[in-house]
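An overview of the molecular structure
Given next are the chains, with one letter for each unit.
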Amino acid sequence: NAGVTQTPKFQVLKTGQSMTLQCAQDMNHNSMYWYRQDPGMGLRLIYYSASEGTTDKGEVPNGYNVSRLNKREFSLRLESAAPSQTSVYFCASSGLGSGSTDTQYFGPGTRLTVL
Amino acid sequence: AQSVTQLGSHVSVSEGALVLLRCNYSSSVPPYLFWYVQYPNQGLQLLLKYTSAATLVKGINGFEAEFKKSETSFHLTKPSAHMSDAAEYFCAVSVFGNEKLTFGTGTRLTIIP
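Throughout what follows, the structure given in this document is the object of discussion.

Rules used throughout
All residue numbers here refer to positions counted from 1 along the written sequence of the relevant chain. For this description, chains carry letters from A and ligands carry numbers from 1, given in the order in which they are written. Given that the model is predicted, a residue must reach a pLDDT of at least 70 before its local features are reported, and side-chain atom pairs must reach 80 or more before they are shown or counted; all residues, however, enter totals for whole chains, interfaces and linings. Only hydrogens and water are set aside; all other atoms, that is, all heavy atoms of the structure, feed into the side-chain values. If DSSP finds at least two bridges between two strands, the strands pair. Secondary structure is summarised from DSSP: a helix means a run of H or I of at least four residues, a strand means a run of E of at least two, and numbering begins at the N terminus for each. Simply put, an axis is a line fit to the C-alpha atoms, just over the touching stretch for a helix, and the angle between two N-to-C directions goes from 0 to 180 degrees. A contact between two residues is defined here by any heavy atoms of the two lying within 4.5 Å. We define a salt bridge as a contact between a side-chain nitrogen of Lys or Arg and a carboxyl oxygen of Asp or Glu at a distance within 4 Å. Contacts described as polar in this section are N or O atom pairs within 3.5 Å, which, within protein, must combine one atom able to donate a hydrogen with one able to accept it, while residues neighboring in sequence count only if both atoms come from side chains. Under the grouping applied here, Gly and all other residues not named as nonpolar or charged are polar, the nonpolar ones being Ala, Val, Leu, Ile, Met, Phe, Trp, Tyr, Cys and Pro and the charged ones Asp, Glu, Lys and Arg. Here is the rule: rings of Phe, Tyr and Trp (six-membered ring for Trp) pair when centre to centre is within 6.5 Å. Planes less than 30 degrees apart are stacked, more than 60 are edge-to-face, and the remainder are tilted. Only protein chains enter the accessibility calculation, which uses a 1.4 Å probe. A residue is then buried if its area is under 20% of the maximum for its type, exposed if over 50%, and partly exposed in between. In this description, a nonpolar core means a group of buried Ala, Val, Leu, Ile, Met, Phe, Trp, Tyr and Cys residues linked to one another through side-chain atoms lying within 4.5 Å. Cysteine sulfurs are considered disulfide-paired once they come within 2.5 Å of each other.

**Some points on the sheet that holds strand β7 (residues 64-68) of chain A**
Residues and elements named next belong to chain A. Across the sheet, 4 strands lie side by side as β1-β3-β8-β7; this open sheet has antiparallel pairing. The open sheet terminates on both sides in strands that have one partner only, identified here as β1 (4-7) and β7. Shown here is a sheet whose adjacent strand axes are inclined to one another by a mean of 20°, direction ignored. With 3 bridges joining them, strand β3 (residues 19-25) and strand β8 (residues 74-78) adopt antiparallel strand pairing. Within the sheet, the bridge partner assigned to Met19 lies in β8 and is Leu78.

Encoded structure:
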């Protein structure tokens with residue numbers, strides 16, 4: 001099992017450009033998440049999806065959109081990138097057991113720089 | 001809403017010494033508590049979790065944590081630090097019926113040879 005995979009690993013954008021971060025999991029999990037990690041701020045939830053076809057906003061959703069393409073894939077789109085979106089982005093998945101106590105499994109991250 | 005506070009953004013200990021990383025939580029309902037570890041340039045992986053069973057929870061790599069309701073704490077300990085423990089550690093909380101995690105700001109652990 002590959003677990004949670006993310007592409008790309010690194011990306012540099014200019015202000016105003018758009019891009020999509022891809023995430024896939026092969027653990028048959030129901031829930032998937034997108035986080036951003038910034039120094040001194042821990043991980044903050046951008047969006048999550050409790051099941052295929054559903055998405056919900058997290059703590060910092062502004063400037064982002066998501067698509068739960070199927071049970072395996074959950075993408076994050078930046079329509080018009082801004083320097084404030086420079087961050088490391090992590091995808092995670094969970095959900096074979098008891099919901100609230102399920103372990104979240106994380107991908108390796110995408111390091112995004114917006115100039 | 002629930003939250004966690006990690007005291008000390010940086011902690012340094014000598015190899016072989018006790019590791020103590022502090023986490024306090026705030027929640028209006030019984031919490032579920034997690035410790036994750038992040039090695040450089042990697043994603044997070046679960047160290048241990050408290051899910052309302054035993055209050056002393058043992059995790060991987062010799063780490064353990066004790067849930068203390070009276071102190072609203074879930075501190076992470078390891079009796080003897082190893083160089084390979086150098087990493088960033090995150091405490092997180094969720095509650096029944098809401099699988100979303102709220103993370104603390106993290107503690108970077110440095111091991112001094």
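Now that the structure has been shown, we can carry on.
**Some points on the interface of chain B and chain A**
At the interface, 24 residues of chain B touch 24 residues of chain A. There are 0 salt bridges connecting chain B and chain A. Linking chain B with chain A are 6 residue pairs in polar contact (both at pLDDT 80 or more). Those elements that provide at least two residues to the side of chain B that touches chain A are β5 (31-38), β6 (44-50), β10 (87-95) and β11 (98-103) of chain B. Take the side of chain B that touches chain A: its biggest share by element is 5 residues, from β11(B). Looking at the side of chain B that touches chain A, its residues break down into 10 nonpolar, 10 polar and 4 charged.

**What to know about the packing of aromatic side chains**
Residues and elements named next belong to chain B. Considering all chains together, one arrives at 14 aromatic pairs over all chains under this definition. The interplanar angle of 55° and the centroid separation of 5.9 Å between the aromatic rings of Tyr36 and Phe103 together place this pair among those described as tilted. Of the two residues, Tyr36 sits in strand β5 while Phe103 sits in strand β11, which places them 67 residues apart along the sequence. Grouping residues by exposure puts Tyr36 and Phe103 together as buried.

**Quick notes on the environment of B:Ser14**
Residue and element names in this part refer to chain B. Examined against the element boundaries, Ser14 turns out to sit in strand β2 (residues 10-14). Residue class for Ser14 comes out partly exposed when judged on its relative accessible area of 38%. In sequence terms Ser14 and His82 are 68 residues apart; their C-alpha atoms lie 8.6 Å from each other. Residues within four places of Ser14 in sequence aside, it is in contact with Ala81, Ile111 and Ile112.

**Observations concerning the nonpolar core**
With 27 residues, the main nonpolar core has B:Trp35, B:Leu48, B:Phe74, B:Leu76 and B:Tyr89 as its most contacted residues. Mapped onto this core, the elements with two or more residues apiece are β2, β3 (19-21), β5, β6, β8 (64-68), β9 (73-78), β10 and β12 (107-112) of chain B. Formed by 21 residues, the second largest nonpolar core is a distinct cluster that contains A:Val4, A:Cys23, A:Met32 and A:Leu76.

**Points about the environment of B:Leu101**
If you trace the backbone, B:Leu101 turns up in strand β11. It is 8.9 Å that separates the C-alpha atoms of B:Leu101 and B:Phe34, two residues lying 67 residues apart in sequence. When neighbours within four sequence positions are excluded, B:Leu101 is seen to be in contact with A:Tyr35, A:Gln104, B:Phe34, B:Tyr36, B:Ala92, B:Val93 and B:Ser94.

**Focus on the state of the cysteines**
For the structure shown, the criterion picks out 2 disulfides over all chains. Between A:Cys23 and A:Cys91 runs a disulfide, and the two sulfur atoms are separated by 1.9 Å. Note on the A:Cys23 and A:Cys91 pair: the S-S dihedral is about -75°, so by sign convention the disulfide is left-handed. Of this pair, A:Cys23 sits in strand β3 while A:Cys91 sits in strand β9 (residues 87-94), and the two are 68 residues apart along the sequence. The exposure classification of A:Cys23 matches that of A:Cys91, with both residues buried. Put simply, B:Cys23 and B:Cys91 are joined by a disulfide, and their sulfur atoms are 2.0 Å apart. One quick way to see it: the torsion about the S-S bond of B:Cys23 and B:Cys91 is about -65°, and its sign makes the bridge left-handed.

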